[in-house]
Amino acid sequence: MGRFDGRVAVITGAGRGIGRETALLMAREGAKVVVNDLGGGPQGGGADASFAQQVVDEIVSAGGEAVAETSSVASMAGGQAVVDCAIKTFGRLDYLINNAGIIRPRRITEMSEEDFDIVLAVNLKGYFATIRAGAEHLKKQGGAVVNFASPSGFGHYGMANYSAAKEGVVGMTRTVARELAEFGVRANVVRPISGPSNMNIPEVYETLGYAMNTLKIPALSNHWIGNSGPDGRPWNVAAVTAWLCSDLSENLNGRELYINGGHVALVQEPEFVRSQFAVEGWTFEGLCDEGTTRALTWDIRNRFTGK
Ligand SMILES: NC(=O)c1ccc[n+]([C@@H]2O[C@H](COP(=O)([O-])OP(=O)(O)OC[C@H]3O[C@@H](n4cnc5c(N)ncnc54)[C@H](O)[C@@H]3O)[C@@H](O)[C@H]2O)c1
């Protein structure tokens, strides 16, 4: 008996990396899996149906059930096609794992409109597209959504497009969790660090290295990254992702988990950390008062310049 016997999972971007490991694991635990993957390059563009098919072949040869689906999730039609494949092939949808991702690391002064739009289309709109198509099916019997965000969303030198998309995913998930809770559907976010990854391209290391070694600022989130690199592996992330789909984690809803190797952390939702009040409301003149300015700058330094 597997934990997911009789259940149906859609996993986007499941032809490689974390999505692949998650598909193999969930199929091993009895889920019927829609293995979606466009098979494009790490920066978008291109397509290769063999990645999704290879994962399906692996699942089937191990005695599981899976179907390959090769739409790009970056459009509403693509998201609909992935969900339709689950319903047509397996008759239901229990778990929706939005894992597809691309990356286009560029400094903001070099980032084109296309760089921005394509990253948002895959990493954010693509998640909306599958949830929009899948929600009515998930509502029928309850289920789980797991959306892939990133520690890069905390702030990552050279990644304005990707950070924006991934933080958009977090906000969207908090809202979807509220809207679907009454139907027994949970929605959570994971922020993984994992390698090897198709997305670990030289541009990522160039921008990280410049921020840390030349500017000497924390390049990613508020943390320094060790020179040896992160030790997270796809199967670590897959394990937590599958667990988030299972009833074992039923108390987690609208939450975020950071996952890196053997480390899982519950991420705090943004909260006010200090407040100041003006009884009559703030005015610019009032804010220019020396005492008020001192109070509102909270005695903190500019952490990227040290001033
Ligand atoms: N690896 C990491 O350290 C890391 C860190 C933070 C966040 N993430 C996120 O985790 C997820 C998985 O990362 P990974 O390292 O396994 O990536 P990966 O590049 O190894 O796999 C991503 C897969 O998504 C597929 N894909 C890309 N665009 C698609 C589209 N439009 N439609 C369908 N499929 C598409 C690719 O073909 C690829 O197989 C991504 O969302 C990524 O942003 C990864």
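Residues numbered from 1 in each chain as written. Predicted model: local features only at pLDDT ≥ 70, side-chain atom pairs only at ≥ 80, totals over all residues. Heavy atoms only, no water.

1. Examining the site of the ligand
Short version of the rule: By convention in these notes, a residue is near a molecule or strand provided one of its non-hydrogen atoms lies within 4 Å of it. Any N or O atom pair separated by 3.5 Å or less is treated as a polar contact, with the protein-specific requirement of one donor-capable and one acceptor-capable atom, and with residues adjacent in sequence counted only for side-chain atom pairs. The Shrake-Rupley method, run with a 1.4 Å probe, gives the accessible areas here. Residue values count only the displayed protein chains as cover. Residues are sorted three ways: Asp, Glu, Lys and Arg are charged, Ala, Val, Leu, Ile, Met, Phe, Trp, Tyr, Cys and Pro are nonpolar, and all the rest, Gly among them, are polar.
Taken together, 30 residues lie around the ligand, and Ile 18, Asp 37, Asn 99, Tyr 162 and Ser 197 are the ones closest in. Between an oxygen atom of the ligand and a side-chain N or O atom of Arg 16, the distance comes to 2.8 Å. In the environment of the ligand, an oxygen atom lies 2.6 Å from a nitrogen or oxygen atom belonging to the side chain of Ser 197. In isolation the ligand exposes 830 Å². Once the protein is present, 95% of that is buried. Broken down by class, the residue content of the shell around the ligand amounts to 14 nonpolar, 13 polar and three charged.

2. A word on the packing of aromatic side chains
To be explicit about the condition: Within 6.5 Å between ring centres, the rings of Phe, Tyr and Trp (the latter by its six-membered ring) count as paired, and their orientation is classed by plane angle as stacked under 30 degrees, edge-to-face over 60, tilted in between. Helix and strand assignments follow DSSP, with helices taken as H or I runs no shorter than four residues and strands as E runs no shorter than two, numbered in order from the N terminus. Residue burial is assigned from relative accessible area. The probe radius is 1.4 Å, only protein chains are included, and a residue is buried under 20% of its type maximum, exposed over 50%, and partly exposed in between. The rule for a charge over a ring is simple: NZ of Lys or CZ of Arg within 6 Å of the ring centre, and within 35 degrees of the ring normal.
For the structure on display, the rule yields two aromatic pairs. Judged by centre distance (5.2 Å) and plane angle (70 degrees), the ring pair of Phe 4 and Tyr 95 falls under edge-to-face. Placement of Phe 4 in the segment before strand 1 (8–11) and of Tyr 95 in strand 4 (residues 95–98) is noted, with a sequence separation of 91 residues between them. For Tyr 95, a relative accessible area of 3% gives the class buried. Relative to Tyr 210, the ring of Tyr 157 has its centre 5.7 Å away and its plane inclined at 45 degrees; by these criteria the two rings are tilted. Of the two residues, Tyr 157 is situated in the loop between strand 5 (143–148) and helix 5 (160–180) and Tyr 210 in helix 6 (residues 202–215); the sequence distance between them amounts to 53 residues. Using a relative accessible area of 30% as the deciding quantity, one classes Tyr 210 as partly exposed. Here the basic side chain of Arg 16 rests over the ring of Phe 51, its NZ or CZ set 3.9 Å away from the ring centre.

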